[in-house]
Amino acid sequence: ANPRVGTSYRQEVAPGIAEDASIVMAIGTPFTVPAGTFEDTLEINDVDPIGGGVDPKRFARGVGLIVDEALTLRSFTD
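Nothing here was measured: the structure is a model prediction, and the numbers come from that model.

*Asks:* Please clarify how the sheet that holds strand 1 (residues 8–10) should be interpreted in this entry.
*Replies:* Sheet strands associate in pairs through backbone hydrogen bonding, adopting either a parallel or an antiparallel arrangement. Spatially, 1-2-3-4-5-6 is the arrangement adopted by the six strands of the open sheet, whose pairing is antiparallel. Of all strands in the sheet, those with a lone pairing partner are strand 1 and strand 6 (71–72), marking the two edges.

Rendered as structure tokens:
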């Protein structure tokens with residue numbers, strides 16, 4: 001994939017039932033969690049237009065998901 005800041009995409013398309021989408025918020029920024037500091041991350045916001053919620057998520061290159069709501073990566077092995 002080749003994400004770009006501001007790009008959005010749909011996750012679910014069920015009008016009136018599930019219309020979640022994601023928006024790319026930041027690319028390549030460092031971010032620290034208990035497992036360490038990751039230099040190259042991707043930040044997205046998952047948006048629920050029906051329920052009105054926004055769920056920020058952060059992914060680290062070569063690792064995967066490191067932040068999702070109350071979840072933060074505590075440790076990992078390569």
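*Asks:* I tried to follow the nonpolar core on my own but got confused; where do I start?
*Replies:* The tendency in soluble globular proteins is for nonpolar side chains to be buried side by side. Of all hydrophobic cores here, the largest spans six residues; its members are Val 33, Phe 38, Ala 60, Ile 66, Val 67 and Leu 73. Apart from residues lying up to four places away in sequence, Phe 38 is in contact with Thr 29, Pro 30, Phe 31, Val 33, Ala 60, Val 63, Ile 66, Leu 73 and Phe 76.

*Asks:* Help me understand the packing of aromatic side chains, please; the structure alone is not making it clear to me.
*Replies:* Where two aromatic rings form a pair, the distance of their centres and the angle of their planes describe that pair. Enumeration over the complete set of coordinates arrives at one aromatic pair. Relative to Phe 76, the ring of Phe 38 lies with its centre 5.5 Å away and its plane at 45°, an arrangement referred to as tilted. Of the two residues, Phe 38 is situated in strand 3 (residues 36–48) and Phe 76 in the segment after strand 6; the sequence distance between them amounts to 38 residues. Overall, Phe 76 belongs to the partly exposed group, its relative accessible area being 35%.

*Asks:* Could you clarify how one ought to interpret the layout of surface pockets in this entry?
*Replies:* Within this model, the largest pocket holds a volume of roughly 220 Å³. In this structure, the largest pocket is lined by Ala 1, Pro 3, Tyr 9, Val 24, Ile 27, Asp 40, Thr 41, Leu 42, Ile 44, Phe 59, Ala 60 and Arg 61. Those elements that provide at least two residues to the lining of the largest pocket are strand 2 (21–33), strand 3 and strand 4 (53–60). Looking at which element gives the most residues to the lining of the largest pocket, the answer is strand 3, with four residues.

*Asks:* Is there a simple way to explain the pairing of strand 5 (residues 64–68) in this structure?
*Replies:* Here is the key point about a regular strand: its side chains alternate between the two faces of the sheet. Relative to strand 5, strand 4 is paired through four bridges, and the arrangement is antiparallel. Residue pairing in the sheet places Ala 60 in a bridge with Gly 64 of strand 5. Connecting strand 4 to the next strand, strand 5, in antiparallel fashion are three residues, including Gly 62 with a positive phi near 80°. The pairing of strand 5 with strand 6 spans two bridges and is antiparallel. In the strand pairing of strand 6, Asp 68 is matched with Leu 71. Count of turn residues in the strand 5/strand 6 antiparallel hairpin: two residues, of which Glu 69 carries a positive phi of about 55°.

Parameters and conventions
- Residues numbered from 1 in each chain as written.
- Predicted model: local features only at pLDDT ≥ 70, side-chain atom pairs only at ≥ 80, totals over all residues.
- Heavy atoms only, no water.
- Pairing = 2+ DSSP bridges.
- Helix = DSSP H or I, 4+ residues; strand = E, 2+ residues; numbered from the N terminus.
- Core = buried A, V, L, I, M, F, W, Y, C linked by side-chain atoms within 4.5 Å.
- Buried < 20%, exposed > 50% of the residue type's maximum accessible area, 1.4 Å probe, protein only.
- Contact = heavy atoms within 4.5 Å.
- Phe/Tyr/Trp six-rings, centres within 6.5 Å; stacked < 30°, edge-to-face > 60°.
- 1 Å grid on protein atoms, 1.4 Å probe; cavity = no way out; pocket = protein on both sides within 12 Å on 5 of 7 lines; lining within 4 Å.
- Points joined across faces, edges and corners; volume = space filled by probe spheres on them.

These results come straight from atomic positions and should not be treated as a statement about function.
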